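Residue strings, one per chain:
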Amino acid sequence: MQQPSSPMSTLLPILIVFTIVVLRMRRMTGVRPMKLRNLWIRPAIVAVAAVALVWSAPPHGVLQVLALLVTVGVGALLGWHQGKLMAISVDAESGQLQVKASIWAMAAFFGVVLLRIGLRPWLTSANSPVHAYIGVVTDGFLLFVVGLYAAQATEMFLRGRSLLQAALSGSSRAAR
């Protein structure tokens, strides 16, 4: 039998996530160098973790599989939009890519994390019309993050590569 959750069991994760996001926002508000070849690392790590987690307790039934596929799709859609919000530029002196994180993109991600924390007790309770298993909720959130990170990295890679190509073709014309 599942014990009723106390307000502290919901509030503590929210406070931890809020603290992490605030510290990360402070660090990411400045312009940072961006390397195209490194964009795949974060999505790959999360994808490996997601595959291992889903493999250890695979979904039961078509409905759970569809729910997990929808979460990947929604994550990819939001990740593509989040990638578009990132300001990418080419440093005129060094010719290197630079990225500045969007406060709105980080706030949207924080909102999704809060939504997940808030919905988890309802989704997993016996009174819920969904009555999802905790494994499906956890897998769904992790697969959402896989879609988010993969689409964000893809969008940023495509945009960064075209910016670099434009900068290189512009500098080769100026050298002539």
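Placed above this text is the structure.
Conventions and cut-offs
- Residues numbered from 1 in each chain as written.
- Predicted model: local features only at pLDDT ≥ 70, side-chain atom pairs only at ≥ 80, totals over all residues.
- Heavy atoms only, no water.
- Helix = DSSP H or I, 4+ residues; strand = E, 2+ residues; numbered from the N terminus.
- Buried < 20%, exposed > 50% of the residue type's maximum accessible area, 1.4 Å probe, protein only.
- Contact = heavy atoms within 4.5 Å.
- Areas by Shrake-Rupley, 256 points an atom, 1.4 Å probe, with all protein chains shown as cover.
- Patch = residues over 30% accessible without salt bridge, like charges linked within 9 Å, V, L, I, M, F, W, Y side chains within 5 Å.
- Salt bridge = Lys/Arg side-chain N within 4 Å of Asp/Glu carboxyl O.
- Pairing = 2+ DSSP bridges.
- Axes fitted to C-alpha atoms, helices over the stretch in contact; angles between N-to-C directions.
- Phe/Tyr/Trp six-rings, centres within 6.5 Å; stacked < 30°, edge-to-face > 60°.
- Expected span 1.5 Å × (residues − 1).
- Arc of directions from axis to C-beta.

J.: I'd like to hear about the overall build of the protein, residue by residue, with values.
T.: Looking only at helices and strands, one finds five helices and three strands in the protein. Its helices and strands taken in sequence order, the protein reads α-β-α-α-β-β-α-α from the N to the C terminus. By residue count, 28% of the 176 residues in the protein fall in the buried class. Taking all contacts inside the protein whose residues are at least 6 apart in sequence as the whole, residues at least 24 apart take part in 77%. Entry remark: accessible area of the protein is about 11400 Å², with carbon and sulfur atoms responsible for 71%.

J.: Quick rundown of a nonpolar patch on the surface? Include the residues and the values.
T.: Residues Val62, Val65, Leu66 and Leu69 make up a contiguous nonpolar surface patch of roughly 370 Å² in combined accessible area. Summarising the element assignment, Leu69 is placed in helix α3 (residues 62-85). Exposure remark for Leu69: the relative accessible area of 55% places this residue in the exposed category.

J.: So what about the sheet that holds strand β2 (residues 87-90)? Which residues, and what values?
T.: Strand pairing in a sheet relies on backbone hydrogen bonds. The paired strands run either parallel or antiparallel. With respect to topology, three strands assemble into an open sheet ordered β1-β3-β2, the strand pairing being antiparallel. Two strands in the sheet have a free side with no partner beyond their single neighbour: β1 (31-33) and β2. Between one strand axis and the next, the sheet turns through 30° on average, direction left out of account. As paired strands, β2 and strand β3 (residues 97-100) are joined by four bridges and run antiparallel to one another. Paired with Val90 across the two strands is Leu97, which belongs to β3.

J.: Lay out the packing of aromatic side chains in plain terms, naming residues and giving numbers.
T.: In the structure shown here, the tally under the stated rule is one aromatic pair. The interplanar angle of 15° and the centroid separation of 6.5 Å between the aromatic rings of Phe141 and Phe144 together place this pair among those described as stacked. Of this pair, Phe141 and Phe144 are both found in helix α5 (residues 134-175), three residues apart, which corresponds to roughly one turn of the helix. By relative accessible area, Phe144 is classed as buried at 9%.

J.: Quick rundown of the pairing of β3? Include the residues and the values.
T.: Here β3 shows one buried face, formed by Leu97 and Val99, and one open face, formed by Gln98 and Lys100. Where β1 meets β3, three bridges bridge the pair, whose relative direction is antiparallel. Bridge pairing in β3 links Val31 to Lys100.

J.: Run through helix α2 (residues 41-56), naming residues and quoting values.
T.: The terminal C-alpha atoms of α2 lie 23 Å apart, and with 16 residues this matches the ideal 22 Å at 1.5 Å per residue to within 8%. Restricting attention to buried positions, one finds in α2 the residues Pro43, Val46, Ala50 and Val54. The buried residues of α2 all sit within an arc of 70° when viewed along its axis, so they share a single face. The exposed residues of α2 that point more than 90 degrees off its buried face are Ile45, Val48, Val51, Trp55 and Ser56.

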